[in-house]
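Chain by chain, the residues run as shown.
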Amino acid sequence: MTHHPFHRPDIELEDNASTTHDLRRDLNRLISANCTVIDVGSNRGQFATEILEIRPEANIYCFEPVEEAFVDLFELSRQVPNIHPYKKAVSRENGSATFYVTVGDEGSSLLEPIAGQPSKWLTTRKKEIVETIRLEQFISDNLSTAMDGSCIDLLKTDAQGADLEVILSAGKYLTPTCIKAVLTEVNFANFYNAQYSFQDILAAMDKAGYRLGWFYPHRAHDMWLWWADALFIAKR
């Protein structure tokens with residue numbers, strides 16, 4: 001199995017170095033010492049580990065429905081008690097849903113990858129039924145009392161095309177007074193059936209009281225935007 005035909009490993013290395021540096025810079029000035037972070041699409045805890053390097057006292061609530069990845073995430077949580085793992089997908093509906101597990105499981109999604117893409121991150125290995133939860137319910141049940149007038153510093157979502165489902169599932173908590181900032185993946189190419197566009201996410205965040213704070217771009221072989229992480233902060 002090969003890389004996606006638009007993939008350039010040399011550009012990926014350059015972009016990863018740049019975006020990691022810039023994201024650390026921005027998170028350092030954005031999140032507090034004892035911050036609360038919700039990490040949707042945690043995989044094996046890579047982002048949670050990055051947060052803890054910046055803010056060792058952070059409490060990070062991690063959602064990962066893929067069994068193989070969750071096993072590693074759970075093991076990490078046993079070593080790092082302020083990582084709290086949940087074997088669930090986040091969606092606007094509580095219950096269950098079909099989840100598409102890809103060969104490289106970082107690409108797994110509630111959305112089916114478009115057929116014919118040779119990348120291991122976009123080739124379905126199996127389908128399975130996973131438990132789903134709304135963030136609104138999770139926050140109400142687990143975090144609203146603990147917040148005690150403070151806010152969730154960051155909602156990070158890497159849901160592979162379904163990120164707007166994650167964001168909107170926060171319901172009444174999707175305001176800058178409750179969730180200070182949102183870091184979400186946005187796509188500029190079509191990878192999944194029925195994926196949300198950058199314009200969809202931008203409009204929803206604007207309506208909720210957020211503005212685009214920064215882009216952490218990833219480019220295709222032609223050097224133009226392919227996908228990015230987008231940081232949304234409160235409007236001023």
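This write-up is about the structure you can find in this document. (Residues numbered from 1 in each chain as written. Predicted model: local features only at pLDDT ≥ 70, side-chain atom pairs only at ≥ 80, totals over all residues. Heavy atoms only, no water.)

A short note on the overall build of the protein chain
Which entries qualify depends on this criterion: Secondary structure elements are taken from DSSP: a helix is a run of H or I of four residues or more, a strand is a run of E of two residues or more, and numbering for both begins at the N terminus. To get the radius of gyration, use the C-alpha atoms; to get the globule rule, take the number of residues to the power 0.38 and multiply by 2.2 Å. Three labels apply to residues, based on accessible area from a 1.4 Å probe with only protein chains included: buried if under 20% of the type maximum, exposed if over 50%, partly exposed otherwise in between. Whether two residues are in contact is decided by their heavy atoms: any pair within 4.5 Å suffices. Note that accessible areas follow from Shrake-Rupley with a 1.4 Å probe, and for residues the cover is restricted to the protein chains shown. The convention is simple: Lys and Arg are positive, Asp and Glu are negative, and His and the chain ends are not counted. Each charge is placed at NZ for Lys, CZ for Arg, CG for Asp and CD for Glu.
Per the secondary structure count, the protein chain includes seven helices and ten strands. Its C-alpha radius of gyration of 17 Å places the protein chain within 12% of the 18 Å reference for a compact globule of 236 residues. In terms of principal-axis extent, the alpha carbons of the protein chain reach across some 50 × 35 × 35 Å. A burial count over the protein chain gives 50% of its 236 residues as buried. Contacts spanning at least 24 positions in sequence make up 68% of the contacts within the protein chain whose residues lie at least 6 apart. Surface exposure of the protein chain reaches about 11,100 Å², of which carbon and sulfur atoms provide 52%. Taking the average place of the 23 positive charges on the side chains of the protein chain and the average place of its 33 negative ones, the gap between the two points comes to 3 Å.

Looking at the pattern of salt bridges
Note the cut-off: The salt bridge criterion pairs a side-chain nitrogen of Lys or Arg with a carboxyl oxygen of Asp or Glu, the two atoms within 4 Å.
If you walk through the whole model with that rule in mind, you get 16 salt bridges. As a salt-bridge pair, Arg44 and Asp105 come within 2.8 Å of each other at their nearest N and O atoms. Linking Arg44 in the loop between strand 1 (36-40) and helix 2 (46-54) with Asp105 in the loop between strand 5 (95-102) and strand 6 (124-133), this pair joins segments that are 61 residues apart in sequence. The exposure class of Asp105 is buried, given its relative accessible area of 11%. Arg78 is paired through a salt bridge with Glu75; the nearest N and O atoms lie 3.6 Å apart. Here Glu75 and Arg78 lie together in helix 3 (residues 67-79), a separation of three residues that amounts to about one turn. Assessed through its relative accessible area of 35%, Glu75 is described here as partly exposed.

Overview of helix 2
Where we set the bar: Directions from the helix axis toward the C-beta atoms define the arc.
Taken together, the buried positions of helix 2 are occupied by Phe47, Ala48, Ile51, Leu52 and Ile54. Each buried residue of helix 2 sits inside an arc of 155 degrees when the element is viewed along its axis, so together they form one side.

Section: helix 3
For clarity, the threshold we go by: Any helix carries an expected span of 1.5 Å times its number of residues minus one.
Compared with the 18 Å implied by 1.5 Å per residue over 13 residues, the 19 Å span of helix 3 between its first and last C-alpha is a close match. Restricting attention to buried positions, one finds in helix 3 the residues Ala69, Phe70, Leu73, Leu76 and Ser77. All buried residues of helix 3 lie within an arc of 120 degrees about the axis, which places them on one face of the element. Facing away from the buried side of helix 3 by over 90 degrees, the exposed positions are Arg78 and Gln79.

A few points about the packing of aromatic side chains
What counts, and what does not: The aromatic pairing rule takes the rings of Phe, Tyr and Trp, using the six-membered ring of Trp, and pairs them if the centres are within 6.5 Å, calling planes under 30 degrees apart stacked, those over 60 edge-to-face and the rest tilted.
The tally for this structure, following the rule as stated, stands at nine aromatic pairs. Plain terms: the ring middles of Phe188 and Phe198 are 5.5 Å apart, the flat faces sit at 50 degrees to each other, and that makes the pair tilted. Residue Phe188 is located in the loop between strand 8 (182-187) and helix 7 (198-207), and its partner Phe198 is located in helix 7; the two are separated by ten residues in the primary sequence. Judged by relative accessible area, Phe188 falls into the partly exposed class, the value being 32%. Put simply, the rings of Tyr61, Phe63, Tyr86 and Phe138 pair up and form one aromatic cluster.

As for the sheet that holds strand 4 (residues 89-90)
Spelled out, the test is: When DSSP finds two or more bridges between two strands, those strands count as paired.
With respect to topology, three strands assemble into an open sheet ordered 4-6-5, the strand pairing being mixed. This sheet does not close on itself; its edge strands, each paired only once, are strand 4 and strand 5. Here strand 5 runs beside strand 6; their pairing, made up of eight bridges, is antiparallel. Counterpart to Thr98 in the pairing with strand 6 is Ile129.

Shape descriptors only; they carry no functional weight alone.
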